[in-house]
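Chain and residue survey
Here's the letter readout for the chains.
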Amino acid sequence: MAKMRGYVLWCVFMLGFSAAGFAQVCNPVNGQPDIGYVGLPGVVPGPINCGGLACYVPQLSGVRFEARPVGCDPVSETCSVRAFVPAEIRGNSNNGSAFVAPLVFEWTSPQGQNAGSCGAGVQLLDEKAEPWIQVPGFTCGASFDAGTYSIRARVCGCPPGPFPCPCEEFKTMAVELSGEAISEQLCPDPPKPWSCSEPGGCQSGCLGPGGPGGPGGSSAGGGGPGLGGFGPGAVLRYQAGGIGAVGNPLPADWTTLHGRYWSHDYAERLVPDPDDSHVWLLTRYATFREF
């Protein structure tokens, strides 16, 4: 109990000292990436549980990436990438009266060096937040690897001094800044390969998700291709098991207009599956390409 009382008194003393001497939320380190902090609205309730304070292990969740400056398109430009780490700090809004730094985020480089911190000289009382780190020079498709940094979220810590820190809780998480990790969020998937040797033939890979649908195509009337949507110079093409096969994406009017397994130069369409993030091209060869 005596140690706890001394610990709290020391923190109160240091609070007055710190408030006069520091104002920066984040303190980057020369030669390391830019860092920052965004406090978010919302509460994560947590009652007082240690020495008059709310001290719980912080929760850090998956990283999200944004290109910088705002509007930069890494598909066609070289952008900086800002990695945000969503954090929840239970009960932290209760800790404003007794602490120099109730919440601190500390970054460490891939080489184990100090890469800066946020909250060391001010009171961050948010219960939801997103600390971030930013690296330059990313373009989709180009080689890139800024390494894996780590972030430690620490609550109820103590300033330097002679007393123990019985209430401190922390959580550490790796933040991968590789081209692969960033591309998953910021770069569109390249078109998927297909195995068609158009126009000379087709293997199963271009027959769509339903696979081969059996031989023998026919129009709605049962006697060959329909002629819907024709224009000058159009060439009719047939592919058994292609457009019209059971299980394949198909506009409702395709078989009526063109006949099962038939297509032509003016018939190509895009079919969402299930939406614009994943589509099938129904080709002039009565086959599929997936995007």
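To start, this report covers the structure provided alongside it.

1. Examining the sheet that holds strand 11 (residues 169–178)
Spatially, the five strands line up as an open sheet ordered 1-8-7-10-11, and their pairing is antiparallel. With partners counted over all chains shown, the strands left at the sheet margins are strand 1 (26–28) and strand 11, one partner each. Between one strand and the next, the sheet's axes are offset by a mean angle of 20°, whatever the strand orientation. Across three bridges, the pairing between strand 1 and strand 8 (residues 114–118) is antiparallel. Counted as the bridge partner of Pro28 is Gly116 from strand 8.

2. Brief notes about the nonpolar core
Membership of the largest hydrophobic core comes to 38 residues, with the highest contact counts inside it found for Phe65, Phe105, Trp107 and Val175. In this view, Phe65 contacts Val81, Arg82, Ala83, Glu176, Leu177, Ala181, Ile182, Gln185 and Leu186; residues no more than four positions away in its chain are not counted. Core analysis: the next-biggest nonpolar cluster, separate from the first, contains eight residues, Ile243, Trp254, Ala267 and Ala286 among them.

3. Focus: the pairing of strand 8
Moving residue by residue along a regular strand, the side chains alternate between the two faces of the sheet. Counting buried residues along strand 8, four of its five residues qualify, which places the element largely inside the surrounding structure. Taking the residues that link successive antiparallel strands as the turn, the strand 7 (residues 103–108)-strand 8 hairpin has five residues, and the phi of Gly112 there is positive, at about 85°.

4. Let's talk about the state of the cysteines
All chains considered together, the criterion is met by five disulfides. Between the sulfur atoms of Cys26 and its disulfide partner Cys118 the distance amounts to 2.0 Å. Taking the torsion about the sulfur-sulfur bond, which here is approximately 110°, the covalent link between Cys26 and Cys118 counts as right-handed. Residue Cys26 is found in strand 1, and its partner Cys118 is found in strand 8; the two are separated by 92 residues along the sequence.

The rules behind these values
- Residues numbered from 1 in each chain as written.
- Predicted model: local features only at pLDDT ≥ 70, side-chain atom pairs only at ≥ 80, totals over all residues.
- Heavy atoms only, no water.
- Pairing = 2+ DSSP bridges.
- Helix = DSSP H or I, 4+ residues; strand = E, 2+ residues; numbered from the N terminus.
- Axes fitted to C-alpha atoms, helices over the stretch in contact; angles between N-to-C directions.
- Core = buried A, V, L, I, M, F, W, Y, C linked by side-chain atoms within 4.5 Å.
- Buried < 20%, exposed > 50% of the residue type's maximum accessible area, 1.4 Å probe, protein only.
- Contact = heavy atoms within 4.5 Å.
- Disulfide = S-S within 2.5 Å.

Shape descriptors only; they carry no functional weight alone.
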